[in-house]
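What follows is each chain in one-letter form.
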Amino acid sequence: MKTFEADVVIIGGGSAGMAAAIEVKNAGLDALIIERDYELGGILLQCIHVGFGLHEFGEELTGPQYAQKFINQVNELEIPYLLDTMVIEFTPDKTVYAVNNKEGLIKVESKAIILAMGCRERTRGAINIPGFRPAGIFTAGQAQRFVNMEGYLPGKSLVILGSGDIGMIMARRLTWEGCEVKAVIEINPYVSGLIRNQVQCLEDFNIPLILGYTVTKIHGKEKIRGVTISKVDTNFDRIVGSDRFIECDALLLSVGLIPENELTLKAGAKLSSNNGPIVDNNLESTIEGVFACGNVLQVHDLVDMVTAEAKRAGEFAIEYINQRYGKEIKREKQIKCVPGENVGYIKPDLVNVLDLSKEIMFTLRVKYPDRRIQIQFRDKENNQLVYKRNKVYVIPSEMVEIKLNLKENQIDPGCQHLIIDVVPRPEVLIEEE
Amino acid sequence: MENTSSSTVRVIRCILCPSGCPIQANLDSKGNVTFEGYTCKRGLEYAEQEYYEPKRILTTTMRVENGFLPLIPVRTDMPIPKDKLKDVLKEIVKIKVQPPIKMGDILIENVLGLDANIIASRDLNKI
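Asks: I'd like to hear about the overall build of chain A, residue by residue, with values.
Replies: Along its length, chain A carries eight helices and 27 strands. The C-alpha radius of gyration of chain A comes to 23 Å, within 12% of the 22 Å expected for a compact globule of 433 residues. Its C-alpha atoms give chain A principal-axis dimensions of about 65 × 65 × 40 Å. With 433 residues in all, chain A has 56% of them scored as buried. Roughly 18,800 Å² of accessible area belongs to chain A as shown, and the carbon and sulfur atoms make up 49% of that amount. One way to put it: in chain A the 49 positive side-chain charges average out to a point 4 Å from where the 59 negative ones average out.

Asks: For the overall build of chain B, give the residues involved together with the corresponding values.
Replies: Of regular secondary structure, chain B possesses two helices and ten strands. The order of α-helices and β-strands along chain B, N terminus first, is β-β-β-α-β-β-β-β-α-β-β-β. In terms of C-alpha radius of gyration, chain B reaches 20 Å, well past the compact-globule figure of 14 Å for 127 residues. Along the first, second and third principal axes, the C-alpha set of chain B runs to 75 × 30 × 20 Å. The 127 residues of chain B split such that 39% are buried. Excluding contacts between residues fewer than 6 apart, the proportion of contacts in chain B whose partners are at least 24 apart in sequence is 47%. Total accessible area computed for chain B in this model is approximately 7,200 Å², and 50% of it derives from carbon and sulfur atoms. Side chains of chain B give 18 positive and 16 negative charges; the mean places of these two sets differ by 7 Å.

Asks: Explain helix H2 (residues 63-76) of chain A to me, and be specific about the residues and the numbers.
Replies: All names here are of chain A. Taking 1.5 Å as the rise per residue, H2 with 14 residues should run 20 Å; its terminal C-alpha atoms sit 20 Å apart, in good agreement. Turning to H2, its buried residues number three or more, namely Gly63, Pro64, Gln65, Tyr66, Ala67, Gln68, Phe70, Ile71 and Val74. Within two residues after H2, Glu78 carries a phi angle of roughly 55°, on the positive side.

Asks: Which residues make up the packing of helix H4 (residues 140-150) of chain A against helix H5 (residues 165-176) of chain A, and what values go with them?
Replies: All names here are of chain A. One can describe the packing of H4 onto H5 by two numbers: an axis separation of 9 Å at closest approach and a directional angle of 35°. Where H4 crosses over H5, the handedness of that crossing is left-handed. Facing H4, whose interface residues are Ala140, Gly141, Ala143, Gln144, Val147 and Asn148, H5 presents Ile166, Gly167, Ile169, Met170, Arg173 and Leu174. Looking at the contact of H4 with H5 residue by residue, the class counts come to seven nonpolar, four polar and one charged.

Asks: Which residues make up the nonpolar core, and what values go with them?
Replies: Core analysis: the biggest nonpolar cluster contains 86 residues, and Ile11(A), Ile34(A), Phe90(A), Ile114(A), Leu115(A), Met62(B) and Ile72(B) have the highest contact counts within it. Of the residues forming this core, the biggest block, nine residues, is contributed by helix H8 (residues 303-323) of chain A. Residues Leu356(A), Tyr387(A), Leu406(A) and Ile411(A) belong to the second largest nonpolar core, which totals 25 residues.

Criteria and thresholds
- Residues numbered from 1 in each chain as written.
- Chains lettered and ligands numbered in written order.
- Predicted model: local features only at pLDDT ≥ 70, side-chain atom pairs only at ≥ 80, totals over all residues.
- Heavy atoms only, no water.
- Helix = DSSP H or I, 4+ residues; strand = E, 2+ residues; numbered from the N terminus.
- Rg over C-alpha atoms; globule rule 2.2 N^0.38 Å.
- Buried < 20%, exposed > 50% of the residue type's maximum accessible area, 1.4 Å probe, protein only.
- Areas by Shrake-Rupley, 256 points an atom, 1.4 Å probe, with all protein chains shown as cover.
- Lys, Arg positive; Asp, Glu negative; His and termini not counted.
- Charge placed at Lys NZ, Arg CZ, Asp CG, Glu CD.
- Contact = heavy atoms within 4.5 Å.
- Expected span 1.5 Å × (residues − 1).
- Axes fitted to C-alpha atoms, helices over the stretch in contact; angles between N-to-C directions.
- Left-handed = near helix turned anticlockwise from the far one by under 90°.
- Nonpolar A, V, L, I, M, F, W, Y, C, P; charged D, E, K, R; others polar.
- Core = buried A, V, L, I, M, F, W, Y, C linked by side-chain atoms within 4.5 Å.

In structure tokens form, the structure reads like this:
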């Protein structure tokens, strides 16, 4: 078995993995990226539309451009990477096992691991649509790869289920490729992607957006020939008598993304409710020296935010190797961050009491849209409000970022749980944002 | 009674932030256009641009001969008028490019005289 050594192994060569590796290399440590695809870049390579890089580069780039800039940096810094190589396991002692066609089974010994495996799409199985299993059903991202990189069309007359950004962007893309997009169906009473995409991908082309409906049956045995859509009630149950048939030869599903954490679980790390690893404010998982960043930790709205998070993961891994690696340091006391009202999840899951005087980046996603709200951090032990911030609106498709120094906000030393709520704003307060 | 009534000729949904303000373009009896419903200056600017001269950056793919991939992602290097998107797509379909290609390479210069170039979004090597 071929054996490699590196200070830090980065699993995944997409936007998160490349940014983390560059950070590690710039600190003078050895990084090794392991990527399962035949080139670096990850999912950015198939996202050929613009909208990337406004924060990171101050210009509006396409996904491939954004990726290329990082690929060029990786090459300039001569950061080693293995392509076509699938990590099959890593262990708490930071040994990584991978396979590829050239070397067979590979072992990499490292001091720290950065998880950057990204996320995957929810499929038909996750939403249980009745019917046979005909050809012509794709996830939106899968169709995106076929259309934008491999030169195949999924169909000529399509229905898209889910108004996530990838679904809407594919509606425009397929229209430009000469296909007819019959409708975009969204189960919620609101669009789940950005307004910009609703306007520029659907309204620009008069593609019908049907809210409050879902696909309740797939027709066709060998090849899909249509779908039944039905109106749903507030519990998302089908309303009898509201069925409509739409003829189509392909159905694209844009129904959500899940962090891809099979390796993480296998290594014994714990996951939180969003399917990402439980991390502390150093982005360190429940396994010492194993860090997570990008969509494997939480699904982001913007790649720029992935890059920023990955750089921080890189810094934390460097700090770990320089200060804690190989030393017997007991894990300090931690405060648990608990999602409260209208909070789907919050990262980090844990805050080290020793780090309370540091600035910590909290990220959260709400469960439903709301206006004129207040985000509250509450000490569960003494029921005191530790921090509050007003916002004009919150929507599930927009991640909320809060940079916060808890010590400056006078958190009680006895605090063990922080409850985070997003609630209607008390009337008297002055608007901030 | 004096006629001061104006009619809404178009509703432009602002895309600059998730507030998504619906901005009405109103036409009064003298033929003047006024905007209503925006809540910030950028919103008004967007509505004016979108009303008088809507533009988009076009992104698509171009066919590649003997490439590592059969397609290369391309874009216009500046926004072009929205009503020209289809014509530009038709120009792009006519062409097959040869690798190696570098990000930023101009694949069609000054497409349809719009002053915009079609440029490569990534590097692409030979097969």
